[in-house]
Amino acid sequence: MKHNKNFLSSTILVLCLFAVGSSSQKEDNIEQKNDTNETSNDIQEESYNIVRPDYIPDYDNYDVSEKPTGFNMTYYSDIYSRGFSWLTNEEVDITELYLVKSDKGADADFSNAEKITGKSVKLSYDTSGNITADGLTSAKGSGNSKEFKIMSHKVHVENLEKGKAYSYKAGSEKGYYYGAFVVEKENPNSVTAIHMSDAQTKDLSKHNIWRNTVAKAVKTAGNDLDMIIHNGDQFDQNNTSGNDKEPFRLFRYAKALDVIQDYKFNVPYMTSSGNHEPSSPYSHYIMSDINYAGYDYKGAYYSYDYNYAHFVVLNSNTIDDAQINWLKDDLSKASNAKWKIVTMHISPYSTGDHSNKSENQNIVEKLTPIFSEKHVDLVLQAHDHIYNKTLPYKWDAAGYTTTYNNNEVVNFNVSQETKDNVLYDVNPEGTYYVTTGAAGHRNGASESDGIWAEVVTENGEIKGLNPSKTFTTNKYKIEVGKLTQSNKYESYTFSSYTSSQDYKAGDPATGNVNATMFGVLNLTEDTLSYHAYTVNGETVKLFDTLDVLKNN
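Values in this document were obtained by computation on a predicted structure and should not be read as measured data. (Residues numbered from 1 in each chain as written. Predicted model: local features only at pLDDT ≥ 70, side-chain atom pairs only at ≥ 80, totals over all residues. Heavy atoms only, no water.)

## Brief notes about the environment of Leu 331
As for its placement among the helices and strands, Leu 331 is situated in helix α6 (residues 321-333). Since its relative accessible area comes to 1%, Leu 331 is described here as buried. Counting along the chain gives 21 residues from Leu 331 to His 310, while the straight-line C-alpha distance between them is 8.5 Å. Non-local contacts of Leu 331, meaning those with residues more than four positions away in its chain, are made with His 310, Val 312, Lys 340, Ile 370, Lys 374 and Val 376. (Helix = DSSP H or I, 4+ residues; strand = E, 2+ residues; numbered from the N terminus. Buried < 20%, exposed > 50% of the residue type's maximum accessible area, 1.4 Å probe, protein only. Contact = heavy atoms within 4.5 Å.)

## What to know about the layout of surface pockets
The space that makes up the second largest pocket amounts to roughly 290 Å³. Along its surface, the second largest pocket is lined by 18 residues, and Lys 119, Val 121, Lys 154, Tyr 285 and Asp 289 are the ones closest to its centre. The set of elements that each furnish at least two residues to the lining of the second largest pocket consists of β7 (119-125), β10 (148-157) and α5 (283-286). Here the element with the most residues in the lining of the second largest pocket is β10; it accounts for 4 residues. (1 Å grid on protein atoms, 1.4 Å probe; cavity = no way out; pocket = protein on both sides within 12 Å on 5 of 7 lines; lining within 4 Å. Points joined across faces, edges and corners; volume = space filled by probe spheres on them.)

## Concerning the pattern of salt bridges
Within this structure, the stated rule accounts for 11 salt bridges. Between Glu 90 and Lys 122 there is a salt bridge; the shortest N-O distance is 3.5 Å. Of this pair, Glu 90 sits in the loop between β4 (82-89) and β5 (96-101) while Lys 122 sits in strand β7, and the two are 32 residues apart along the sequence. Judged by relative accessible area, Glu 90 falls into the partly exposed class, the value being 29%. Notably, a salt bridge pairs Lys 374 with Glu 373, separated by 3.7 Å at the nearest N-O pair. The exposure class of Lys 374 is buried, given its relative accessible area of 17%. Judged by relative accessible area, Glu 373 falls into the partly exposed class, the value being 47%. (Salt bridge = Lys/Arg side-chain N within 4 Å of Asp/Glu carboxyl O.)

## What to know about the nonpolar core
Core analysis: the biggest nonpolar cluster contains 80 residues, and Trp 210, Ile 286, Phe 311 and Leu 523 have the highest contact counts within it. No other element matches the 7 residues that helix α3 (residues 246-258) contributes to this core. Core analysis: the next-biggest nonpolar cluster, separate from the first, contains 24 residues, Tyr 301, Val 364, Leu 367 and Phe 371 among them. (Core = buried A, V, L, I, M, F, W, Y, C linked by side-chain atoms within 4.5 Å.)

Below, the structure written as structure tokens:
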């Protein structure tokens, strides 16, 4: 058997070179602070085990057939498990997974493979938009012109061996997806994840924008990629016809996964629930096989560990007592984790145009004090289609209150240290909040006029940004080229930001209004790095960095 790390490295490399089935691809221009990322395009596809179905998925039609669509692989209960899910038409009630210890993917010998039978559940949508299925509470959408029936398939495997490579085929005799994955690097000295949000895929042209972002993100992340994190709004809920209701939205979700299958199926794809997902009830639950801690028709929440890191995924659409109590308990159990990362769709602290809404206020009031009390290091946000990064909000300081001022809540004077040419925030003892721009065609989209805030400068250098923490419809004004806010509002401070307005005028990093964004999160036992990138066609540029060092 080939060395697992080499297998994963070569597989991901080749996937990046064959985005549209060609044997070579134009080099990305990836500009970083101190290095460039180059690959050879002389490698032939047939030399490697590309993850692929045994048929060509139909990307153009929003419907399901007897062949799997929307195939997805996730962690199930922990990193030593995997969950697989997909959709078919109602005629296929067989859910099979064949698993063998091999790094050959579709070329593996499955004659003696372990066969695992999963669960198939029929989803029924009536003309009023009601969805019913075994195990699900009936939920109502906005209506359909006719009834639909779809089969949801889920199968999982647990107690996988650390450091081993596995090949799989999943589906039924009507069609299988083939692939391979490695279970936790044998000697893991880092955890690497791609972070994206707001793909909001719609038709095929929009899918291709999303596909290009994923391709560039996988290549930028490098050979040791462990997972992809998507922060919600995987599909666009907008209606274009009377038929474009709940099932068709679910198909959009499925097609968003189909078009990136070349890039992601060797690593788990971990998602959170966006505000668009409830428009097709249970879509987030249906499209992933994860051992959820809780779920409803609007979304789901869960957590998992990867060595010294603890990841929490929240359902920001339903902030109820059950999720809040689970969150407190979950973070308490993870108190010894070196790094605690929370991902959620609706952002507590953002300069985006949603930040004046009651749903944000509810999250700030109910969740951010928990993040502080439990010493969460980083909250990855979405929803606003902008980029911003806060200074650390002090641990054990109130997250939402009118009695604290910035000097008590936000750490303005974090100690810094340069190590290996990287400038780190050292032992900040606070929570950073990062929002990344959209990864799909809604990049630069703004729901309204946008929220502006005061730019904080010191000796001509931009030190941060103060958005409002109150939630009204009042907008901000520009005075003498400076962004100012209403005088009655208390401020919070950001260390860097880009608003949706900046994207509409032209992305400062690329000069192109159509730039998409992604982030690369890398964790070692002592360091956390989050690097944000913009994508302009074939060009990828480093946009902003967050680097934290814990040496205590």
